[in-house]
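Overview (structure and organization)
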Amino acid sequence: TDIAFLLYLPQNDYPEELSITPAFEFYPVAIMSPHHPLATLKSCSRSQLLGYKLITYSNDDILNTAIFSVLDLDPVTQKDTITTLGNVNACYQLISNSDYIGFSTMETFSKTSERWQNKLVALPIEEYNNLSCALFKKRSLPPDSPQQMLFTYILNHLSQGLPDNK
C-alpha cells in the first residue's frame, strides 16, 4: 500500500521510508448502561474494562475498531467479546440491557441520538485520553503519482472539513 489512514501511536517505531502526517485526535470512551458497576466512576482504566464482556461495531471505520488495537485485544479470542457489523443501534440496545461494555469516541457518541445519550454512560478511558489518526505514505511516491495527488487531496479536505474537537 502506498498510502493509508491509520491509528497513530507516536511511541511506536515506524519505518523511515514512511511519511506520517497526523490528521486528527479523538477521545475513546467506554459505553455502558447506567446500571453497570463501572458507570458511577468518572473514568475507567484498561484493566477495569478487561474484566467485562465487550462489544463493538464495525462499519470499516478505524475509530470503531481501533479500540481492539489500543487495548491489545484480539476480537476473535477475547473471552466474551462480540464484534458485530454495522448496526450501532443493535449494539447500544444490547449494552443498555446488559453488562456489556461498548466503545466509541466522545465525538461520535455526542452526535448519537438523544435516546442513547440518555440511556447510556460514556466514560473516558484513562490510559487513552486522546489518540491520533494519521495519513501514512511512502516517501518514495513520485510527486505526480495518483497516490500523491490523493494524499494531497485528503490533507486539503481534512484541513478544511474537520471541526476543532478541543
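Residues numbered from 1 in each chain as written. Predicted model: local features only at pLDDT ≥ 70, side-chain atom pairs only at ≥ 80, totals over all residues. Heavy atoms only, no water.

1. Some remarks on the packing of aromatic side chains
Which entries qualify depends on this criterion: Think of it this way: a Phe, Tyr or Trp ring, Trp meaning its six-membered ring, pairs with another when their centres are within 6.5 Å, and the plane angle makes it stacked under 30 degrees, edge-to-face over 60, tilted otherwise. Helix numbers and strand numbers start at the N terminus; a helix is a DSSP run of H or I with at least 4 residues, a strand a run of E with at least 2. Here's how the labels work: a residue is buried when its accessible area is under 20% of the maximum for its type, exposed when over 50%, partly exposed in between, all with a 1.4 Å probe on protein chains only. The criterion is that NZ of a Lys, or CZ of an Arg, lies within 6 Å of the ring centre and within 35 degrees of the ring normal, and then a charge sits over that ring.
Under the definition given, this model contains six aromatic pairs. Their ring planes at 65 degrees and their centres at 6.3 Å tell us that Tyr8 and Phe136 sit as a pair that is edge-to-face. Taken together, the positions of Tyr8 in strand β1 (residues 3–8) and Phe136 in strand β8 (residues 131–138) put the pair 128 residues apart, joining distant regions of the chain. In this structure, Tyr8 and Phe136 share a single accessibility class: buried. Every member of this aromatic cluster is reached through a ring pair, and the members are Tyr8, Tyr14 and Phe136. Sitting above the plane of the Tyr100 ring, Lys53 keeps its charged end 5.0 Å from the centroid.

2. Thoughts on the side chain of Ser104
Here is the rule we go by: By definition, residues are in contact when any of their heavy atoms lie within 4.5 Å.
Along the chain, Ser104 falls in strand β6 (residues 101–105). Among the residues examined, Ser104 registers a relative accessible area of 3% and is labelled buried. In this structure Ser104 touches Tyr27, Pro28, Val29, Ile31, Tyr92 and Phe109, once residues within four positions along its chain are discounted.

3. Comments concerning the confidence of the model for the protein chain
The condition that has to hold: For every residue, the predictor states its confidence as a pLDDT score lying anywhere from 0 to 100.
For the protein chain, mean pLDDT is 81; residues scoring 70 or higher make up 79% of the total. Within the protein chain, the element-level pLDDT minimum falls on helix α2 (residues 62–70), averaging 56, and the maximum on strand β7 (residues 121–124), averaging 95.

4. What to know about the side chain of His36
Note the cut-off: Whenever a nitrogen or oxygen atom comes within 3.5 Å of another N or O atom, the pair is scored as a polar contact, on the condition that within protein one atom can donate a hydrogen and the other can accept it, and that pairs from neighbouring residues in sequence are kept only if both atoms are in side chains.
Positionally, His36 belongs in the loop between β3 (28–32) and α1 (46–49). Separated by 3.1 Å, the side chain of His36 and the backbone nitrogen of Leu38 make a polar contact.

5. Re the nonpolar core
The condition that has to hold: Put simply, a nonpolar core is a bunch of buried Ala, Val, Leu, Ile, Met, Phe, Trp, Tyr and Cys residues held in one set by side-chain atoms that sit within 4.5 Å of each other.
Among the nonpolar cores identified, the biggest contains 19 residues, and Ala30, Met32, Leu49, Ile101, Phe103 and Ile125 are the most heavily contacted of them. If you list the elements that add at least two residues to this core, you get β2 (18–26), β3, β6, β7 and β8. In this structure, Tyr57, Cys91, Phe109 and Leu120 belong to the second largest nonpolar core, which totals 11 residues.

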